[in-house]
Amino acid sequence: IASTFSGDSFPLRIAFAVFGLFSAVGAIITGQVLGLHAPLMAAASPFAVFAASAISQLLLGSRPLRFVIALGAIVLAVGLVLTTITLFAPTLWMFMVGAVLAGAGGGLLFKAGLTISVQSAVHTARAGVLALFFATVYLGMGIPAVLFSFLPLGMAFAFLGVAAFFAFAFQA
């Protein structure tokens, strides 16, 4: 099990943090930054992230693993950059495009991480590997969102922090 959760698959598991980040602050950005207070608008970005994740996995999840990882990393990075720009130049379209791209990229990386975990697990340990995989991705989804909510540096720092952490993880 230890080799399955080595540093090689770490960036694929932390991509799930993007879902937690948008779930935690998407409605705040929509209301406070973009000035849109309708309940439907508050739910739009988290919905877009999760929908794009599911659609990207359905459309591209069967492609070669290297392609899925490369495309997922690029698309996720572009989505985080667009979302961060939105915090300084508020536009709804850029925020939603950033959410969709971040969700699609995160979904592809999640699918790749899950595939690597299943393929590298011994048949008799597959259930344990999957349990550990999901425990780590849910920690990755929750911990950054909670930590960044306590920091007084604001949402821009949260998105930049996740993007920097993600970039650092891919360098390792």
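Residues numbered from 1 in each chain as written. Predicted model: local features only at pLDDT ≥ 70, side-chain atom pairs only at ≥ 80, totals over all residues. Heavy atoms only, no water.

Draft legend 1. Quick peek at the overall build of the protein chain. Helix and strand counts for the protein chain come out as seven helices and zero strands. Each helix and strand of the protein chain, ordered N terminal to C terminal, gives the series α-α-α-α-α-α-α. For the protein chain, long-range pairs separated by at least 24 residues make up 77% of all intrachain contacts whose partners lie at least 6 apart in sequence. As displayed, the protein chain offers around 8,600 Å² of accessible surface, 76% of which is attributable to carbon and sulfur atoms. (Helix = DSSP H or I, 4+ residues; strand = E, 2+ residues; numbered from the N terminus. Contact = heavy atoms within 4.5 Å. Areas by Shrake-Rupley, 256 points an atom, 1.4 Å probe, with all protein chains shown as cover.)

Draft legend 2. Local environment of the side chain of serine 56. By the element assignment, serine 56 lies in helix H3 (residues 39-60). Judged by relative accessible area, serine 56 falls into the buried class, the value being 6%. One polar contact links the side chain of serine 56 to the main-chain carbonyl oxygen of alanine 104, over a distance of 3.0 Å. If we skip the residues at most four places from it in the chain, serine 56 touches Gly61, Ala104, Gly107 and Leu108. (Buried < 20%, exposed > 50% of the residue type's maximum accessible area, 1.4 Å probe, protein only. Polar contact = N/O pair within 3.5 Å; in protein donor to acceptor, adjacent residues only side chain to side chain.)

Draft legend 3. Fine view of the environment of threonine 83. With respect to the element layout, threonine 83 can be found in helix H4 (residues 65-88). With a relative accessible area of 0%, threonine 83 lands in the buried category. Between the alpha carbons of threonine 83 and valine 97 there is a distance of 8.1 Å; along the sequence they are 14 residues apart.

Draft legend 4. Seen up close, H4. End to end, H4 covers 35 Å across 24 residues, agreeing with the expected 34 Å (1.5 Å per residue, within 8%). Along H4, the residues classified as buried are Val68, Gly72, Ala73, Val75, Leu76, Gly79, Leu80, Leu82, Thr83, Thr84, Thr86 and Leu87. (Expected span 1.5 Å × (residues − 1).)

Draft legend 5. Highlighting the packing of aromatic side chains. One pass over the full model with this rule turns up nine aromatic pairs. Relative to phenylalanine 134, the ring of phenylalanine 133 has its centre 5.5 Å away and its plane inclined at 90 degrees; by these criteria the two rings are edge-to-face. Under the relative-accessibility criterion, phenylalanine 133 is labelled buried at 0%. Residue phenylalanine 134 is classed as partly exposed on the basis of its relative accessible area, which comes to 31%. A network of ring pairs unites the aromatic residues Phe16, Phe19, Phe50, Phe110, Phe133, Phe134 and Tyr138 as a single cluster. In this structure, arginine 63 is placed above the aromatic ring of phenylalanine 67, and the distance from its NZ or CZ to the ring centre is 4.3 Å. (Phe/Tyr/Trp six-rings, centres within 6.5 Å; stacked < 30°, edge-to-face > 60°. Lys NZ or Arg CZ within 6 Å of the ring centre and 35° of its normal.)

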